[in-house]
Amino acid sequence: MNALVPLPVLLPLCVTGLKLAIGPRLHRFQRFISLAVLGAVLVLSVVLMVAADRHGPLSVHLGDFAPPVGITLVADRLAGLMLTVSSAVTLLVLVYSLGQGMADRDDRAPVGVFHPAYLILVAGVSCTFLAGDLVNLYVGFEIMLVASFVLLTIGGTATRIRAGSTYVIISLFSSVLFLIAIAMAYAVAGTVNFAQLAERLQDVPLGVRTLLEAMLLTVFAIKAAVFPLAAWLPDSYPTAPAPVTAVFAGLLTKVGVYSMLRTQTLLFPGHRLGDLLMLAALASMAVGILGAVAQTDLKRVLSFTLISHIGYMIFGIALAGRGSIAGAIVYVAHHITVQTTLFLVAGLIERRDGTTELTRLGGLAKAAPLLAVLFFVPAMNLAGIPPLSGFIGKLGLMRAGVADGGGWAWALVAGSAATSLLTLYVMAKVWNLAFWRDAPPGAEEEGVVLESAEDDEPDEADESEERDDEERPTGSGSGLPVPAGAVVPAGFLGQSITTSKRLPWPMPVATGIAVALGLSYTVLGGPLTTFTQAAATELLARTPYIEAVLGR
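Everything in this summary refers to the structure shown in the same document. (Residues numbered from 1 in each chain as written. Predicted model: local features only at pLDDT ≥ 70, side-chain atom pairs only at ≥ 80, totals over all residues. Heavy atoms only, no water.)

### Overview of the pattern of salt bridges
The test is simple: We define a salt bridge as a side-chain nitrogen of Lys or Arg found within 4 Å of a carboxyl oxygen belonging to Asp or Glu. We call a residue buried when its accessible area falls under 20% of the maximum for its residue type, exposed when it is over 50%, and partly exposed in between, using a 1.4 Å probe and counting protein chains only.
This model, assessed by the stated rule, comprises 5 salt bridges. Two residues, Asp353 and Arg352, come together in a salt bridge whose shortest N-O distance is 3.1 Å. In this structure Asp353 comes out as buried when scored by relative accessible area, which is 16%. Members of the salt-bridge network, linked through shared partners, are Asp53, Arg77 and Glu538.

### Re the packing of helix H3 (residues 77–100) against helix H20 (residues 525–541)
Note the threshold: Lines fitted to C-alpha atoms define the axes here, with helix axes fitted over just the stretch in contact, and angles between the N-to-C directions of these axes take values from 0 to 180 degrees. Secondary structure follows DSSP: runs of H or I at least 4 residues long count as helices, runs of E at least 2 residues long count as strands, and numbering of each begins at the N terminus. Throughout, the term roughly parallel applies to angles under 35 degrees, roughly antiparallel to angles over 145, roughly perpendicular to angles from 65 to 115, and oblique to all others. Any two residues whose heavy atoms approach within 4.5 Å are treated as being in contact. Residues are grouped as follows: nonpolar covers Ala, Val, Leu, Ile, Met, Phe, Trp, Tyr, Cys and Pro; charged covers Asp, Glu, Lys and Arg; every other residue, Gly included, is treated as polar.
Contact geometry for H3 and H20: axes closest at 8 Å, N-to-C directions at 135°. Considering the angle they form, H3 stands oblique to H20. Contacts from Arg77, Leu78 and Leu81 of H3 reach H20 at Phe531, Thr532, Ala534, Ala535, Glu538 and Leu539. Its residues placed into classes, the contact of H3 with H20 shows 6 nonpolar, 1 polar and 2 charged.

### Some words on the pairing of strand S2 (residues 71–75)
Worth spelling out the cut-off: Being paired, for any two strands, means DSSP has found at least two bridges between them.
Of all 5 residues making up S2, 4 are buried, and the element is well covered by its neighbours. Across 5 bridges, the pairing between strand S1 (residues 58–62) and S2 is antiparallel. Paired with His61 across the strands is Thr72, a residue of S2.

### Considerations on a nonpolar patch on the surface
Which entries qualify depends on this criterion: Residues form patches when they are more than 30% accessible in relative terms and have no salt bridge. Like charges link within 9 Å. Nonpolar side chains (Val, Leu, Ile, Met, Phe, Trp, Tyr) link within 5 Å. Note on areas: Shrake-Rupley, 1.4 Å probe, and residue coverage restricted to the protein chains presented here.
A surface patch of nonpolar side chains, amounting to about 410 Å² of accessible area, comprises Leu18, Leu26, Phe29 and Phe32. With respect to the helices, strands and loops of the structure, Phe32 is situated in helix H2 (residues 27–55). The class for Phe32 is exposed, based on a relative accessible area of 55%.

### Description of the side chain of Ser324
Put simply, the rule is: N or O atoms within 3.5 Å of each other form a polar contact, as long as, within protein, one can give a hydrogen and the other can take it, and as long as residues adjacent in sequence are counted only when both atoms are side-chain atoms.
Mapped onto the secondary structure, Ser324 falls in helix H13 (residues 322–353). Classification of Ser324 as buried rests on a relative accessible area of 2%. At a separation of 2.9 Å, a polar atom in the side chain of Ser324 contacts the main-chain amide nitrogen of Gly321. Excluding anything up to four places from it in sequence, Ser324 contacts Gly316, Leu319, Leu397 and Ala400.

Nothing here speaks to function; it is all geometry.
This is the structure we're talking about:
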């Protein structure tokens, strides 16, 4: 069974090499192998999760080199659950992207670019979840960074390049800080393997250990978009195509949260920075949700709620108890799914109406009832309405806060309740503006070009196409309606949007399955809670992980 552990990383990388060799040809075959490999990764993830639950952590030393020399990959309950949820989400997002045509019909995102970059991203995420040492955790982050920049800047418009550049600069800064922390860990402990560090860091002077903990927390807080290190997120994610934004917002920030969970429980038990983490959690909740209240664009609303709800996860990590860690794990799994779903719905709205600006939307509940249902269910889930999974996660965290009884814990319990109520207010605001009220005056029944794309100078082919289509009643930034299904050369925030009142079936189907996945956490709330309690116990015990890696 241990031999299966590297496959979630290796399969996407091997298929990426095949796809790069094929190039932008054989579109149907490319789509098939992308779906097949992500389906295989999902099956493997489920197998690893079940095996880790039944038999304890699984570990493999690549090349049979023992720590600290070799590469160690470890799948315990936490890693197995994160792999399973992330694999399911990335598979659904790929199906959605095929329906949108981003990977097979849009010449700005050819199949030869999007699919390899997406598979590399999946491999990086899997590597991060399975990493058994700091170096491979760093490698996983860098694999994700390279793929992320390609995906963020697909289309090459100035808006996307600017947002992608900000993302890369922030990520590079965190990467340099991470390298410094790795060097420090090796200097004081003679290893970067998690299991060996867990034993040796106890003998390191307290000041050095605290500094190392602070540096790693800073790195992971940047990745997770924890306030005050989250300013880059609202301007970076909304500019990308809908599937890219969905998988970034739903999944990539949780990689930072996962890294905090792993290092804080394994390397720094009884950590001294708990109060600082609680302050960061409370600030993230408050600033994020107040920012969401002030927004009028759906994508930016969701970006700020993302920052806010990261605070719940940091809340659980900061308390560092069995109940709080279990609650944080439940909330991570819940939030990956629900946040991804909401961004997919935002993409459906953008595809249908050409915008996600709430002041320009209205009447969708009547005009598109299926779209209304697809938004309403995950929106209520995000707000934590009983008995949905958002409520289960929040209840577990708040119960842990009450049991702790400290001043910061009570402040976070109150902050959690207030944030949940404000989230409900924000979701109700979106519902009222986009779905419930009548369409605002001047709204068109057809798609509308809202803003011109900041494209490069057109080439000869583009000029020829312009001459052929000079009778079309649209111009760059004209704001005039275009026929449903027509590909417009401009769109909101510089994106090339294909407007259509009839959505391609893979898009709502993938979104519907994502909604069902979020609801399944409610149906399976009992087994999920039991599993996460066992995962939290295993994390806090540390011994099962250490023994599995070191062979004791």
